[in-house]
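# Residue-level structure breakdown
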Amino acid sequence: VTNLVIDPEATLEISGSTLEITGSITGGGIIDATNGTIVMNGSSAQSINPSRFLDNTIRNLDIDNTSGVSLAGPLNLTGILRIQNGSLASGGNLTLASTASGTALIDGSGSGIVTGNVTMQRYLPSAFGYKYISSPFQSATVNGLSDELDLSADFPVLYRYNEASTTSGWVTYTTPGDPLSPLSGYAANFGSTGVPLTADLTGIVNNGALFATFTNNNNTYTEGFNLAGNPYPSPIDWDAVTGWTRTNIDDALYFYRTSTTDEYGGAYSTYINGISTDGLASPVIASMQGFFIHVSGSSYPVTGTLGLDNSVRLTTLSPSLVKSEEKALSGILKLTATFTDEPLSSDPAVIYFDEKAGSGFDPRLDALKLMNTDYYMPNLYSLGSDGKKLSINALPEFTDTLNVIPLGLK
């Protein structure tokens, strides 16, 4: 249509289909686009009045207008926003909604941009304990989390991670004006109860190429691990063929899963080369997700560079902070250690066979063991020929009939 006029008390339902509008939307009626796609593709500037839409909500919104589109009021998006051409002027009115069924996102494949502040939500099925989070915005601050976190609590509810530290690496980070930097991760404690919670942040969304540096100072406790984060308002693919720069950065991802009984502890799951320790970790990193990476090198201190661009972004409306998507492989051993009186304490270690593998640590094929912090969970790992503790251990295919693989248990 060009100019769409909906009479008072009338409703136009766009269900599973697309409505392209090159002009304006007027009249006193309502468009139900909660399960449809709206495309604004005029040749002159257009405006969207969200009150013309049922519940001020659109499922998917495409902008293909070089003259630009603006929002005239608060709009909830529950699906995908794609700016093919031009710009969408949010004016602080756009919310990327998140529920148990999915989290809205901004598709990075278009050539256009979003201007103005955007609010991004993240649904948490349980607010219990610490979660590793990140910011999808250029200049968000700690204060943006003040409506979910008590920043003045006696026990700190927010930490950043300093790899250069000679102690644990965790640094209290509760000053309201401190930045939530792109590509950095943070540990946030959202509460002591297991009730669902929808957290949110507001700012100008990141877009395009981003870079950050990380270090390995070979210190006793940090061991070259760094807490990074997804910087985009969309999931990203760690295994994307193009778009990544990983200089002195291992290929392994380390995700954190909060304990169900220990508010201050949790367990780590790992992904590398199509292998997941627990079937939960995968190459898909959700929006607002923090994760550990490791910097490798032979002469300390080592500086690593992590860079990415829009080609790594996905359009997966994943509701969880760790997505289950493991590739099936042959030639793989999965072992677990569990306390007999704690059935949920199972800690996995994985050994697999690859013709490119050696007997020592390979940052492209092996994943180091990041020790769990859950008091009620053991730590199981295998040992490489160089003494490295490994959660995922790639070994060459054996030609002998008897081979010994050392294991460690803590």
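Rules used throughout
Residues numbered from 1 in each chain as written. Predicted model: local features only at pLDDT ≥ 70, side-chain atom pairs only at ≥ 80, totals over all residues. Heavy atoms only, no water. Salt bridge = Lys/Arg side-chain N within 4 Å of Asp/Glu carboxyl O. Helix = DSSP H or I, 4+ residues; strand = E, 2+ residues; numbered from the N terminus. Buried < 20%, exposed > 50% of the residue type's maximum accessible area, 1.4 Å probe, protein only. Polar contact = N/O pair within 3.5 Å; in protein donor to acceptor, adjacent residues only side chain to side chain. Contact = heavy atoms within 4.5 Å. 1 Å grid on protein atoms, 1.4 Å probe; cavity = no way out; pocket = protein on both sides within 12 Å on 5 of 7 lines; lining within 4 Å. Points joined across faces, edges and corners; volume = space filled by probe spheres on them. Nonpolar A, V, L, I, M, F, W, Y, C, P; charged D, E, K, R; others polar.

### Some points on the pattern of salt bridges
- In total, this model carries six salt bridges according to the counting rule given.
- In this structure, Lys369 engages Asp347 in a salt bridge whose closest nitrogen and oxygen atoms are separated by 2.9 Å. Of this pair, Lys369 sits in the loop between β32 (367-368) and β33 (380-383) while Asp347 sits in strand β31 (residues 347-353); the two residues are 22 residues apart in sequence, bridging distant segments of the chain. Each member of the pair, Lys369 as well as Asp347, carries the same accessibility label: buried.
- The salt bridge involving Lys356 is made with Asp354; its shortest N-O contact spans 3.2 Å.
- The structure contains a network of salt bridges with shared partners spanning Arg246, Asp251 and Arg364.

### Some details on the side chain of Ser269
- Position of Ser269 relative to the elements: it lies in strand β25 (residues 266-272).
- Classification of Ser269 by relative accessible area gives buried; the value is 2%.
- Of the polar contacts made by the side chain of Ser269, one reaches the side chain of Asp278; its length is 3.4 Å.
- When residues no more than four places from it in sequence are discounted, the contact partners of Ser269 are Leu253, Tyr254, Phe255, Arg257, Thr277, Asp278 and Ala281.

### Points about the layout of surface pockets
- Roughly 990 Å³ of volume is contained in the largest pocket.
- Looking at the largest pocket, it is lined by 37 residues, and the ones nearest its centre are Tyr161, Tyr221, Glu223, Phe225 and Leu370.
- Elements represented by at least two residues in the lining of the largest pocket include exactly β15 (130-134), β16 (158-161) and β28 (290-294).
- Across the lining of the largest pocket, the residue classes break down as 19 nonpolar, 13 polar and five charged.

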